[in-house]
Amino acid sequence: MSKILLETLKGNPGERVPFWFMRQAGRYLPEYREVRATTKSFMEFCYSPEKAAEVTMQPIRRYGMDGAILFADILVVPDGLGQNVWFEAGSGPKLTPVKTAGDVDRLSLNDFHDKVGAVYETVAKLKHMLPVETTLLGFAGAPWTLATYMIEGAGSKDHAAARQMGYRNPDLFNRILDMLVDATAQYLCRQIDAGADAVQIFDSWAAALPESVFDDWVIKPTKAIVDRVRAKHPDTPIIGFPRLAGLQHIRFVDETGVDAVSLDTGISLDWAAAELQSKVCVQGNIDPHLVVSGGQKMVGEANRILDALKHGPHVFNLGHGFVPETPPENVALLSDTIRNYRR
Ligand code: 1CP
């Protein structure tokens with residue numbers, strides 16, 4: 001049986017539009033909270049192949065998405081490079097910030113695959129657990145988004161520390177980006193070796209960067225990763241997600257060489273159909289907060305998105321991840337709406 005999500009990502013859409021959702025495994029599901037409660041540390045949870053594989057499967061069992069995304073976190077990569085990463089309840093990720101050349105010197109790829117190896121085990125387990133028609137998605141954070149956490153030492157609103165290092169000390173900043181390109185390309189290749197059918201690169205904080213640095217901080221590192229992954233795995237589709245990048249999506253698609261682009265909630269669909277979907281598969285983009293509200297408004301919006309993107313390859317998804325307050329029954333209604341739609 002063929003995998004319709006994988007085929008669509010390769011530019012061969014069928015009659016039905018495939019779907020999966022960012023953060024489809026997560027806190028909105030009671031069965032996730034139950035497994036999550038068995039491990040105190042979130043990073044340790046990400047490095048527990050059995051539990052990570054189990055929570056990856058949970059939404060597939062409930063809703064039958066066409067894609068299962070590996071359960072892990074983007075901050076596994078800085079952790080593998082030797083930075084301290086931990087999660088504090090209620091306040092999100094924390095890292096020992098990288099500020100100086102000495103801090104960068106302490107990071108390396110030497111023990112990387114040993115440290116993150118449990119993630120590859122999760123992928124290998126999933127390969128055996130998933131229905132044959134379900135596409136297994138690997139993922140990583142993009143270098144720019146990872147750098148915002150690594151330099152700030154936490155999540156941040158305007159990514160001040162990373163932007164200022166990028167301007168003030170480009171040599172040091174580029175050392176961080178280069179190391180992230182190297183680690184991420186290897187990390188994604190290993191996920192594919194272990195069984196991932198496609199991969200997504202999350203650049204969640206690509207918003208509002210000036211054109212001049214969007215090239216150096218978003219496009220070039222992403223292109224370097226795409227080139228390296230493709231050299232080893234030419235048939236594995238790569239999805240880019242330069243969230244909130246506005247008109248810069250056009251250059252992102254033209255210059256990085258991604259096979260598909262994920263659209264945030266704010267993108268005009270007619271524009272995306274004309275400017276992006278004519279070149280690559282598009283993915284998206286219902287507002288996760290509309291799924292909290294649900295009902296006929298959500299169904300109407302899902303149909304608007306499906307209609308607007310029906311003339312080319314489209315993977316239905318959210319414009320960003322599910323929020324914890326999402327009622328699981330709304331996800332069922334949304335899944336049925338997409339599954340029953342015919343182009
Ligand atoms: O204890 C918990 O359950 C914490 C919540 C949680 C979950 C469910 C975190 C902490 N990470 C995850 C899983 C996760 N993160 C996945 C798994 C697969 C799936 O989608 O079902 C993926 C792909 C991610 C990716 C991720 N982590 C991104 C990129 C996507 C996005 O949302 O923009 C980012 C920015 C992170 C960092 C992160 N991890 C967790 C939190 C709370 C955050 C965000 C912090 C912030 O807002 O800065």
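The following refers to the structure shown. (Residues numbered from 1 in each chain as written. Predicted model: local features only at pLDDT ≥ 70, side-chain atom pairs only at ≥ 80, totals over all residues. Heavy atoms only, no water.)

Side note on the site of the ligand
Here is step 1 of the chain: Within the structure, the ligand sits among 23 residues, and Arg 23, Tyr 32, Tyr 149, Ser 204 and His 320 are positioned closest to it.
Here is step 2 of the chain: A distance of 3.2 Å separates an oxygen atom of the ligand from a polar backbone atom of Gln 24.
Here is step 3 of the chain: Starting from 890 Å² of accessible surface for the ligand in isolation, the protein chains cover 87%.
Here is step 4 of the chain: For the shell around the ligand, the class distribution of residues is 15 nonpolar, four polar and four charged. (Near = heavy atom within 4 Å. Polar contact = N/O pair within 3.5 Å; in protein donor to acceptor, adjacent residues only side chain to side chain. Areas by Shrake-Rupley, 256 points an atom, 1.4 Å probe, with all protein chains shown as cover. Nonpolar A, V, L, I, M, F, W, Y, C, P; charged D, E, K, R; others polar.)

Some thoughts on the side chain of Gln 191
Here is step 1 of the chain: Turning to its location among the elements, Gln 191 is positioned in helix H10 (residues 170–194).
Here is step 2 of the chain: A polar contact of 2.9 Å, which involves the side chain of Gln 191, links it to the backbone nitrogen of Phe 139.
Here is step 3 of the chain: The residues contacting Gln 191, other than those within four sequence positions of it, are Leu 70, Tyr 120, Val 123, Gly 138, Phe 139 and Ala 196. (Helix = DSSP H or I, 4+ residues; strand = E, 2+ residues; numbered from the N terminus. Contact = heavy atoms within 4.5 Å.)

Digging into H10
Here is step 1 of the chain: Here H10 is 25 residues long and its end C-alpha atoms lie 35 Å apart, about the 36 Å a rise of 1.5 Å per residue gives.
Here is step 2 of the chain: After H10 finishes, the residue Gly 195 shows a positive phi value of roughly 135°. (Expected span 1.5 Å × (residues − 1).)

Re the side chain of Asn 285
Here is step 1 of the chain: Tracing the backbone shows Asn 285 in strand E8 (residues 281–286).
Here is step 2 of the chain: Polar side-chain contacts of Asn 285 include one of 3.0 Å to the backbone oxygen of Asp 264.
Here is step 3 of the chain: Sequence-distant contacts of Asn 285, that is, excluding residues within four places in its chain, are made with Leu 263, Asp 264, Thr 265, Ile 267, Leu 269, Ile 305, Asn 317, Leu 318 and Gly 319.

Brief notes about the nonpolar core
Here is step 1 of the chain: In terms of nonpolar packing, the biggest core is built from 123 residues, with Phe 21, Ile 286 and Phe 316 touching the most fellow members.
Here is step 2 of the chain: In this structure, Ile 286 is in contact with Thr 265, Val 291, Met 298, Glu 301, Ala 302, Ile 305, Phe 316, Asn 317, Leu 318, Gly 319 and Leu 334, ignoring residues within four places of it in sequence. (Core = buried A, V, L, I, M, F, W, Y, C linked by side-chain atoms within 4.5 Å. Buried < 20%, exposed > 50% of the residue type's maximum accessible area, 1.4 Å probe, protein only.)

Here we look at the sheet that holds strand E9 (residues 314–318)
Here is step 1 of the chain: Strand order in this open sheet of seven strands is E1-E4-E5-E6-E7-E8-E9, and the pairing throughout is parallel. Only two strands of the sheet have a single neighbouring strand rather than two, namely strand E1 (67–69) and E9. Sheet twist, expressed as the mean angle between neighbouring strand axes with direction ignored, is 25°.
Here is step 2 of the chain: As judged from the five bridges shared by strand E5 (residues 198–203) and strand E6 (residues 238–242), these two strands associate in the parallel manner. Looking at E6, one finds that Gln 200 is bridged to Ile 239.
Here is step 3 of the chain: Relative to the sheet, helix H11 (residues 211–232) contacts E5 and E6, its axis offset from that of E5 by approximately 165°. (Pairing = 2+ DSSP bridges. Axes fitted to C-alpha atoms, helices over the stretch in contact; angles between N-to-C directions.)

Describing the environment of Arg 163
Here is step 1 of the chain: Within the secondary structure, Arg 163 is located in helix H9 (residues 160–168).
Here is step 2 of the chain: For Arg 163, a relative accessible area of 22% puts it in the partly exposed group.
Here is step 3 of the chain: Among all residues touching Arg 163, those that are not within four sequence positions of it are Trp 144, Asp 158, Ala 207, Ala 208, Leu 209, Pro 210 and Trp 217.

What about the packing of H10 against H11?
Here is step 1 of the chain: Two numbers describe how H10 lies on H11: the axes approach to 9 Å, and their chain directions differ by 30°. As for how H10 packs across H11, the hand of that crossing is right-handed. Contacts from Phe 173, Leu 177, Val 181, Asp 182, Thr 184, Ala 185, Gln 186, Leu 188, Cys 189 and Ile 192 in H10 reach Asp 216, Trp 217, Pro 221, Ala 224, Ile 225, Arg 228, Val 229 and Lys 232 in H11.
Here is step 2 of the chain: Split into classes, the residues belonging to the contact of H10 with H11 amount to 12 nonpolar, two polar and four charged. (Left-handed = near helix turned anticlockwise from the far one by under 90°.)

Considering the packing of helix H7 (residues 112–129) against H10
Here is step 1 of the chain: At a closest axis distance of 8 Å, the pairing of H7 and H10 adopts a crossing angle of 30°. Accordingly, the angle class assigned to the pair H7 and H10 is roughly parallel. When the axes of H7 and H10 are compared, the crossing they make is right-handed. Residues Phe 112, His 113, Val 116, Val 119, Tyr 120, Val 123, Ala 124 and Lys 127 of H7 touch H10, and the partners they reach there are Ala 183, Gln 186, Tyr 187, Arg 190, Gln 191 and Ala 194.
Here is step 2 of the chain: Split by residue class, the contact of H7 with H10 holds nine nonpolar, three polar and two charged. (Parallel < 35°, antiparallel > 145°, perpendicular 65-115°, else oblique.)

What is shown is where atoms sit, not what they do.
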